[in-house]
Amino acid sequence: MSQWANNNPARNNAGKWQGYWNLLISLVSRDVRARYRRTILGPLWAVIPAILSTVILSFLSGLVGASSEGAPRLAFVMAATIPWTFFQSSVVRIPHGFLANSTILRKMAAPRQIFPFVVLLTTTFDFLMSGIVLIVVLQIFRIPVTWAWLWLPLLVLMAGALAWAVGIGLTAFTIYRRDVLHGIQYIMQVWLFLTPVMYSSQELLSQWPLLHTLNPAVGIIDGFRKVLVFGQAPDVGSLFISALAIGLVLVITFPLFHFMSRYFADVL
């Protein structure tokens, strides 16, 4: 019986994938605990970046006189800042995830795609923690929960997919040329100001229609705002464009990542 089990491909594959799943959960648990170990505020650090970004962007939004479409400015900006922070943090951390797990990469033949998923699950924890704060803010401004919130799982999935697609593409170059690693944060800062986070999507559309169309983050971030603040369904056309853009990015970055990741262990 034991010899049959050892020669059973289906059983062996199931055991192998179970091992990968256990590795994924173990790494996520380790990263979450390591981030808040020996800190005074602990898990509050999961929400502090989003809160500080909201305050700063709300101030800048009011300073330049950006429209909040009649909604409370703090809620208007926060509903876009929190998903943007999730997206930005995921993109920035994915290359670092490979560097932090270089020992595992050299010693184990685990699929390289696991490590970006570790980052995404870790940043999802931060996103959920920040989401609790956002719900409190929405209640303070008496913004109700509506049926449109049913769109949130799709929006989160699309934000994660875009972050994964961009992150693995940047990783493919970062492992070999660390200059890219230093520049990612600046790239994301520029991308932030090209995305309607502190201003209305309509303002971007009226002044830069081509940028509104080509930026895959626009439909996703604006979708969060429409759902959370205005209780409306996202613009399906914008989401479709974002989905097409995610697919296009994956067509480019995944084969590149798949090819170059085979040599990660040699250069890490």
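Residues numbered from 1 in each chain as written. Predicted model: local features only at pLDDT ≥ 70, side-chain atom pairs only at ≥ 80, totals over all residues. Heavy atoms only, no water.

A. Spatial organisation of helix 7 (residues 152-174). Taking 1.5 Å of rise per residue, 23 residues should cover 33 Å, and helix 7 covers 32 Å from first to last C-alpha, within 8% of that figure. Within helix 7, 17 of the 23 residues are buried, leaving the element largely enclosed by the surrounding structure. (Helix = DSSP H or I, 4+ residues; strand = E, 2+ residues; numbered from the N terminus. Expected span 1.5 Å × (residues − 1). Buried < 20%, exposed > 50% of the residue type's maximum accessible area, 1.4 Å probe, protein only.)

B. View of the layout of surface pockets. Of the volumes computed, that of the largest pocket is approximately 250 Å³. If you go around the largest pocket, the residues you meet are F86, F117, L120, L121, T124, V156, L157, G160, A161 and W164. Those elements that provide at least two residues to the lining of the largest pocket are helix 6 (114-140) and helix 7. Per-element tally for the lining of the largest pocket: the top contributor is helix 7, with five residues. A breakdown of the residues in the lining of the largest pocket according to their chemical character gives eight nonpolar, two polar and no charged. (1 Å grid on protein atoms, 1.4 Å probe; cavity = no way out; pocket = protein on both sides within 12 Å on 5 of 7 lines; lining within 4 Å. Points joined across faces, edges and corners; volume = space filled by probe spheres on them. Nonpolar A, V, L, I, M, F, W, Y, C, P; charged D, E, K, R; others polar.)

C. Just the environment of P49, in detail. Within the secondary structure, P49 is located in helix 3 (residues 48-63). Given a relative accessible area of 39%, P49 falls into the partly exposed group. Spatially, the C-alpha atoms of P49 and I82 are 9.1 Å apart, while their sequence positions differ by 33 residues.

D. Local environment of the packing of aromatic side chains. A full pass over the atoms with the stated rule returns eight aromatic pairs. A ring pair is formed by F117 and W164, whose centres lie 5.5 Å apart and whose planes are at 25°; its orientation type is stacked. With F117 in helix 6 and W164 in helix 7, this pair connects stretches of sequence that are 47 residues apart. Note on F117: relative accessible area 40%, which makes it partly exposed. Ring-pair connections join several aromatic residues into one group, and the members of that group are W84, F87 and W191. Here R225 stacks its cationic end above the ring of F76, 3.7 Å away from the centre of that ring. (Phe/Tyr/Trp six-rings, centres within 6.5 Å; stacked < 30°, edge-to-face > 60°. Lys NZ or Arg CZ within 6 Å of the ring centre and 35° of its normal.)

E. Structural detail: the pattern of salt bridges. A complete count under the given rule lists one salt bridge for this structure. With a closest N to O distance of 3.3 Å, D126 and R93 form a salt bridge. Of this pair, D126 sits in helix 6 while R93 sits in helix 4 (residues 73-100); the two residues are 33 residues apart in sequence, bridging distant segments of the chain. With a relative accessible area of 25%, R93 lands in the partly exposed category. (Salt bridge = Lys/Arg side-chain N within 4 Å of Asp/Glu carboxyl O.)

F. Inspection of empty space enclosed by the protein at higher detail. Evaluated as defined, the whole model comprises one cavity of 30 Å³ or more. In this structure, the largest cavity occupies an estimated 30 Å³ of space. Taken together, F87, A159, L162, A217, I220 and I221 make up the lining of the largest cavity. Where the lining of the largest cavity is concerned, the elements lending two or more residues are helix 7 and helix 11 (216-228). Top contributing element to the lining of the largest cavity by residue count: helix 11, with three residues.

G. Molecular detail of the confidence of the model for the chain. Residue-level pLDDT values for the chain average 83, and 82% of them are 70 or greater. Within the chain, helix 11 carries the highest mean pLDDT (95), whereas helix 1 (residues 2-6) carries the lowest (48). (pLDDT = per-residue confidence, 0-100.)

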